[in-house]
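# Notes for the structure review
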Amino acid sequence: MHGARFSLTANDLVVHSIHAMAAGERAEFEEMYAPDALDRENVVQPRASRVPGPAGFWATAQWLRTAFADLRYDIHHVMSDGDLVTVNSTMLGRHVSAIAFHTPDGAIDAVFPPTGRPFAMAQAHWFRVRDGLIAEHWAVRDDLGTAKQLGWLPPTPAYLVKMAWAKRLAARA
């Protein structure tokens, strides 16, 4: 990735980082992200994802991989301007494990038990690249469309009970 092994263009680095969310190894994150890299999308994620640098991005990958099997990203467009790289993509997977979303202060907000359903989530990502490393990330996702695909919305009464039970279990963990 970075440094002595080989170097990537900013566009290639960013595309690799997106694919690494689905299947990358921990060491790759060290090679892609600056020590102080900031993820502006981690406000609803677990506390482990809210730290700067490779550790936070790795924790995000683990959070996603735990909840979604067959996780992958289709990349549609990549554009750059100066130190910014923009990617239009679709995240695909299947919901196989409970996923918890958190409040800004880190408390558990909602937990969605597995539905087993597949999904395709449209996403746009922006990355700032500095000195050959990702320094900043933010995104726009079709969360509402994904929630509908996964059966989270509109929730059935039975699914609401499952959500309450899953939240209770997550709070005890």
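Predicted model only: the values in this text are computed from it and were never measured. (Residues numbered from 1 in each chain as written. Predicted model: local features only at pLDDT ≥ 70, side-chain atom pairs only at ≥ 80, totals over all residues. Heavy atoms only, no water.)

Looking at the element boundaries, H95 is found in strand β3 (residues 84–95). For H95, a relative accessible area of 0% puts it in the buried group. (Helix = DSSP H or I, 4+ residues; strand = E, 2+ residues; numbered from the N terminus. Buried < 20%, exposed > 50% of the residue type's maximum accessible area, 1.4 Å probe, protein only.)

Quick look at the sheet that holds strand β6 (residues 118–130) now. The strand order β1-β7-β6-β3-β2 describes an open sheet built from five strands, whose pairing is mixed. This sheet does not close on itself; its edge strands, each paired only once, are β1 (33–39) and β2 (68–81). Strand after strand, the sheet turns through a mean of 25 degrees between neighbouring axes, direction not considered. Relative to β3, β2 runs antiparallel, the two sharing 11 bridges. Looking at β3, one finds that D81 is bridged to L84. With respect to the sheet, helix α1 (residues 10–23) is in contact with β1, β2, β3, β6 and β7 (133–141), its orientation differing from that of β2 by roughly 165 degrees. (Pairing = 2+ DSSP bridges. Axes fitted to C-alpha atoms, helices over the stretch in contact; angles between N-to-C directions. Contact = heavy atoms within 4.5 Å.)

So, on to unusual backbone geometry. Residues L153 and P154 are joined by a peptide bond in cis, for which omega reads -15 degrees. Structurally, P154 can be placed in the loop between α4 (143–149) and α5 (157–172). In this model, D70 sits at a positive phi of 55 degrees, which is unusual for a non-glycine residue. If you trace the backbone, D70 turns up in strand β2. Residue D70 is classed as exposed on the basis of its relative accessible area of 54%. The backbone phi angle of D131 is positive, close to 55 degrees, even though this residue is not glycine. When you line up the elements, D131 lands in the loop between β6 and β7. Under the relative-accessibility criterion, D131 is labelled exposed at 67%.

The next thing to look at is the environment of A67. One can find A67 in helix α3 (residues 54–67). Residue A67 is classed as buried on the basis of its relative accessible area of 0%. The sequence separation of A67 and L153 amounts to 86 residues, and the corresponding C-alpha distance is 17 Å. Here A67 is in contact with R94, H95, V96, S97, A98 and I99, once residues within four sequence places are set aside.

On a regular strand, each side chain points to the face opposite its neighbour's, so the side chains alternate between the two faces of the sheet. Between β2 and β3, which pair antiparallel and follow one another directly, the connecting turn spans two residues, one of which, G82, has a positive phi of 65 degrees. Here 11 bridges tie β3 to β6, and the two strands are oriented antiparallel to one another. If you follow V85 over to β6, its bridge partner there is F127.

Moving on, we come to the side chain of N42. Note on placement: N42 falls in the loop between β1 and α3. When its relative accessible area of 12% is taken as the criterion, N42 is described as buried. Only 3.0 Å separates the side chain of N42 from the backbone oxygen of S49, close enough to count as a polar contact. Aside from chain neighbours lying at most four places away, what touches N42 is S49 and R50. (Polar contact = N/O pair within 3.5 Å; in protein donor to acceptor, adjacent residues only side chain to side chain.)

Of all residues in the protein, 97% have pLDDT values of 70 or greater, and the mean over the chain is 94. The low-confidence segment residues 1–6 (pLDDT under 50) makes 12 contacts with residues lying over four places distant or belonging to another chain. (pLDDT = per-residue confidence, 0-100.)

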